[in-house]
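Okay, here's what each chain looks like letter by letter:
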Amino acid sequence: MQKNKARIFAGFIFLLPLVKRERIHVRRQVTKIDRRTKDVKAFFDRWKIYQKAMKNNYMFHREVYAILRKFLQKNFRQGFSLLDLGCGDASFISKALRHTGISQYRGVDLTDVALGIARENMKKVKCDKKFIKGDFAKFIRKNKETYDVIWLGLALHHLSLRQKALFLTKCGKIINKNGCLMIFDPFMRESDDRREYLRRSLKVYTKHWRVLTPEEMARLFGHIKTSDYPEKFSMYRSLAPRTGFRKVRYLFKDPFGIHCLICYYV
Ligand SMILES: C[S@@+](CC[C@H](N)C(=O)[O-])C[C@H]1O[C@@H](n2cnc3c(N)ncnc32)[C@H](O)[C@@H]1O
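Residues numbered from 1 in each chain as written. Predicted model: local features only at pLDDT ≥ 70, side-chain atom pairs only at ≥ 80, totals over all residues.

So what's going on with the overall build of the protein? Residues and values would help.
Assigned secondary structure in the protein consists of 12 helices and seven strands. Taking all 266 residues of the protein together, 38% fall into the buried category. Contacts spanning at least 24 positions in sequence make up 74% of the contacts within the protein whose residues lie at least 6 apart. (Helix = DSSP H or I, 4+ residues; strand = E, 2+ residues; numbered from the N terminus. Buried ≥ 20, exposed ≤ 12 C-beta atoms within 10 Å, placed from the backbone. Contact = placed C-beta atoms within 7 Å.)

So this is what it looks like as structure tokens:
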């Protein structure tokens, strides 16, 4: 009871200044990008909070990565390549990839903590592997390789809309014929603005993410408020033809209307 009150209180404290802050963010979006990437890194350097959330399936990792495994088995037989951007500790993708015909894996992430675990987790996947520390938006701009699949698990929503559009354009150019870009991310509902999205999502986390301590919850809320900029599906659909993709479709939507998986086809 006490814990729950503390959680709700943490939620209010972080929600109060939203309206004002949101306006400031829109104006400063371009200059604040590097700062935002630093904030994201600082949060994920404390990998334990995220690990707890994954273990309890709060973001629907089990369902989403089961879909990924089946999708890869059905559409890519032997010898495909996959670029995993914001790979984290690769705990779920390593299990999904074990049962596929992957021949080349590249994992990119900001944080050493997660990359160290990712190397271990990926040991059971027999293929050519590389782990790259850095900002995936910069990596993708300089990248010279092509891939059958580009996978982004819960990392794209930290970019501004402009950065997302540039990112998609670059992906459209480096995905092989019959390949795809798969994005697992939080989404806004069509009726949401960012303020409503934050109100809605923080309510869900407060009610359901019960294993987090009040301190962890406060950190999570701080991270979401400063670093999460999800889009609506209609925005991603409108970007498809402008960024070199034929179409985009949903592969998964969670029951709370937050975490979704979409797939862009070249
Ligand atoms: C929520 S975790 C997701 C991890 C994993 N993909 C999954 O599905 O569970 C997001 C990861 O993306 C990484 N990340 C966020 N922004 C990034 C950026 N601009 N460049 C590289 N990695 C980034 C974080 O360090 C973190 O490990």
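Provide a residue-level description of the pairing of strand β7 (residues 259-265), including the pertinent values.
Across the seven residues of β7, six count as buried, placing the element largely inside the fold. The pairing of strand β5 (residues 175-186) with β7 spans seven bridges and is classified as antiparallel. Across the sheet, the residue bridging to Met 182 is Cys 263, located in β7. Pairing of strand β6 (residues 247-253) with β7, which is carried by six bridges, proceeds in the antiparallel orientation. Across the sheet, the residue bridging to Phe 252 is Leu 261, located in β7. Between β6 and β7, which pair antiparallel and follow one another directly, the connecting turn spans five residues, one of which, Gly 257, has a positive phi of 70°. (Pairing = 2+ DSSP bridges.)

Which residues make up helix α5 (residues 61-75), and what are the values?
In a regular helix each residue adds 1.5 Å, so 15 residues correspond to 21 Å; α5 covers 21 Å between its end C-alpha atoms and thus fits that length. As for α5, its buried residues are in contact with α4 (47-55), α6 (91-97), β5, β6 and β7. (Expected span 1.5 Å × (residues − 1).)

Quick rundown of the environment of Arg 249? Include the residues and the values.
Looking at the secondary structure, you find Arg 249 in strand β6. Expressed as a C-alpha distance, the spacing of Arg 249 and Cys 263, which sit 14 residues apart in the sequence, is 5.5 Å. In this view, Arg 249 contacts Ile 262 and Cys 263; residues no more than four positions away in its chain are not counted.

Requested: an account of the confidence of the model for the protein, with residues and values cited.
Looking at the protein, pLDDT values average 89 and 87% of them are 70 or higher. Confidence drops under pLDDT 50 across residues 11-32; counting only partners more than four residues distant or on other chains, this segment forms 15 contacts. (pLDDT = per-residue confidence, 0-100.)

Talk me through the sheet that holds β5; I want residue IDs and the actual numbers.
Reading across from one edge, β3-β2-β1-β4-β5-β7-β6 is the order of the seven strands in this open sheet, with mixed pairing throughout. Single-partner strands in this sheet number two, and they are β3 (128-133) and β6. Between one strand axis and the next, the sheet turns by 15° as a mean value, whatever way the strands run. As paired elements, strand β1 (residues 80-85) and strand β4 (residues 147-153) share four bridges and run parallel to each other. Residue pairing for β4: Asp 84 is matched across the bridge by Trp 151. Against the sheet, α5 touches β5, β6 and β7, its axis set at about 130° to β6. Sitting on the sheet, helix α7 (residues 112-121) touches β2 (102-109) and β3, and the angle it makes with β3 is about 170°. (Axes fitted to C-alpha atoms, helices over the stretch in contact; angles between N-to-C directions.)

Tell me what's going on with the nonpolar core, and back it up with residues and numbers.
If you look at the biggest cluster of nonpolar residues, it comprises 64 residues, and the most contacted ones within it are Ile 150 and Met 182. If one sorts the elements of this core by residue count, β5 sits on top with six residues. When near neighbours in sequence (up to four residues on either side) are disregarded, Ile 150 contacts Leu 83, Leu 85, Cys 171, Ile 175 and Leu 181. (Core = buried A, V, L, I, M, F, W, Y, C linked by C-beta atoms within 7 Å.)

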